[in-house]
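Summary of structural features
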Amino acid sequence: MSTNVFHLVYISEAVEDISYTDIHDILNVSRKNNAMENITGILIFREGYFFQVLEGPEAAVRKVLGKIIIDDRNYNLRVLLETSDHSRLFENWSMAFYDGDISSNNTEDLVNLFELCVDPAKRTPRPLIMSMVKKFRSTARELR
Ligand SMILES: Cc1cc2nc3c(=O)[nH]c(=O)nc-3n(C[C@H](O)[C@H](O)[C@H](O)COP(=O)(O)O)c2cc1C
């Protein structure tokens with residue numbers, strides 16, 4: 001079985017004055033660029049943190065990561081996971097978005113995920129991140 005889909009998961013901190021306009025701008029550009037680069041994924045925003053899954057050809061994913069790292073709308077970007085797999089988790093999404101600051105979205109899974117990932121000392125086990133990310137797959141169908 002081929003394992004040609006590269007998955008990269010990171011967490012970063014949003015600048016303090018980040019607005020929903022900024023987030024919409026990020027999503028608009030991401031959806032346009034990612035569609036051209038065959039990249040899919042999900043961006044989750046919660047309490048000033050961005051958590052993103054990027055999946056696609058490794059070179060394309062690394063290239064966009066390089067742009068995000070120097071994007072001054074976020075800082076302290078920490079890669080949590082890099083892995084290759086035979087399939088995508090968010091195949092229908094050039095970039096799904098999940099707003100973790102909306103109270104009805106504040107599920108136990110989301111709270112757990114962020115609690116584990118925001119603290120660099122915690123060294124979240126990779127399978128745990130992946131299994132939690134998978135839980136957002138079904139939700140992503142409803143996201144815009
Ligand atoms: C948290 C965050 C996530 C981003 N995700 C993506 C992405 O998935 N794809 C993308 O092309 N740009 C993404 N960007 C925007 C890039 O940093 C950059 O502004 C954009 O790719 C530049 O596009 P351009 O080269 O077409 O001007 C993201 C930025 C931030 C702050």
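Under an unreviewed UniProt entry, the name given to the protein chain is BLUF domain-containing protein, and the organism recorded is Bdellovibrio reynosensis.

Attention now goes to the packing of aromatic side chains. Counting across every chain of the model gives three aromatic pairs. Each ring, one from phenylalanine 45 and one from phenylalanine 50, has its centre 5.2 Å from the other, and the planes form 50°; the classification is tilted. Comparing phenylalanine 45 with phenylalanine 50, the two get one shared label, buried.

Glancing now at the environment of aspartate 72. Looking at the element boundaries, aspartate 72 is found in the loop between helix H2 (58-69) and strand E4 (74-85). C-alpha of aspartate 72 to C-alpha of tyrosine 20: the two residues are 52 residues apart in sequence and 15 Å apart in space.

Note that leucine 81 resides in strand E4. Take leucine 81: its relative accessible area is 3%, and that puts it in the buried class. For the pair leucine 81 and valine 9, spaced 72 residues apart in sequence, the C-alpha to C-alpha distance is 5.1 Å. Setting aside its immediate chain neighbours within four residues, leucine 81 contacts His7, Leu8, Val9, Arg126, Ile129 and Met130.

Quick look at the sheet that holds strand E2 (residues 40-46) now. Spatially, E4-E1-E3-E2-E5 is the arrangement adopted by the five strands of the open sheet, whose pairing is mixed. Of all strands in the sheet, those with a lone pairing partner are E4 and strand E5 (96-99), marking the two edges. The mean inter-strand angle of the sheet, taken between neighbouring strand axes irrespective of direction, is 15°. Lying over the sheet, H2 contacts strand E1 (5-14), strand E3 (49-56) and E4, oriented at roughly 10° with respect to E1.

For helix H1 (residues 20-37), with 18 residues, the first-to-last C-alpha span of 25 Å sits near the 26 Å given by 1.5 Å per residue. Residues Ile23, Ile26, Leu27, Ser30 and Asn34 constitute the buried set of H1. Where H1 is buried, its residues contact E2, E3 and E5. Positive backbone phi, approximately 65°, marks asparagine 38, located one or two places after H1.

Most of E3 is tucked away: seven of the eight residues are buried. Note: E1 against E3, eight bridges, orientation antiparallel. When the bridges of E3 are listed, serine 12 appears paired with phenylalanine 50. Pairing analysis gives seven bridges linking E2 to E3, with the strands arranged antiparallel. Paired with threonine 40 across the strands is glutamate 55, a residue of E3.

As a structural note, the neighbourhood of the ligand is formed by 16 residues, with Ser30, Asn33, Asn34, Lys67 and Asp71 the closest of them. Asparagine 34 places a side-chain nitrogen or oxygen 2.9 Å from a nitrogen atom of the ligand. At 3.1 Å from an oxygen atom of the ligand is found a side-chain nitrogen or oxygen belonging to glutamine 52. The protein chains hide 80% of the 620 Å² of surface that the ligand would expose on its own.

Calculation criteria
In this convention, every chain numbers its residues from 1, walking through the sequence in written order. The model is predicted, so local features are restricted to residues of pLDDT at least 70 and side-chain atom pairs to those at 80 or more, both for listing and for counting; the totals for chains, interfaces and linings are taken over all residues. Side-chain metrics rest on all non-hydrogen atoms present in the structure, leaving aside hydrogens and water. Two aromatic rings from Phe, Tyr or Trp, using only the six-membered ring of Trp, form a pair when their centres are within 6.5 Å; if the ring planes differ by under 30 degrees the pair is stacked, by over 60 it is edge-to-face, and anything between is tilted. Working definition: with a 1.4 Å probe on protein chains only, accessible area under 20% of the residue-type maximum means buried, over 50% means exposed, and in between means partly exposed. Strands are runs of DSSP state E lasting at least 2 residues, helices are runs of H or I lasting at least 4, and numbering of each runs from the N terminus. We call two residues in contact when some of their heavy atoms are within 4.5 Å. Here, any two strands with at least 2 DSSP bridges between them count as paired. As a rule, the C-alpha atoms of each element are fitted with a line to give its axis, helices using only the stretch in contact, and angles between N-to-C directions run from 0 to 180 degrees. By this rule, a helix spans an expected 1.5 Å times one less than how many residues it contains. Working definition: residue near molecule or strand if any one of its non-hydrogen atoms lies within 4 Å of it. We define a polar contact as two N or O atoms separated by no more than 3.5 Å, with the added condition that, inside protein, one atom must be a possible hydrogen donor and the other a possible acceptor, whereas residues neighbouring each other in sequence contribute only through side-chain atom pairs. The Shrake-Rupley method, run with a 1.4 Å probe, gives the accessible areas here. Residue values count only the displayed protein chains as cover.

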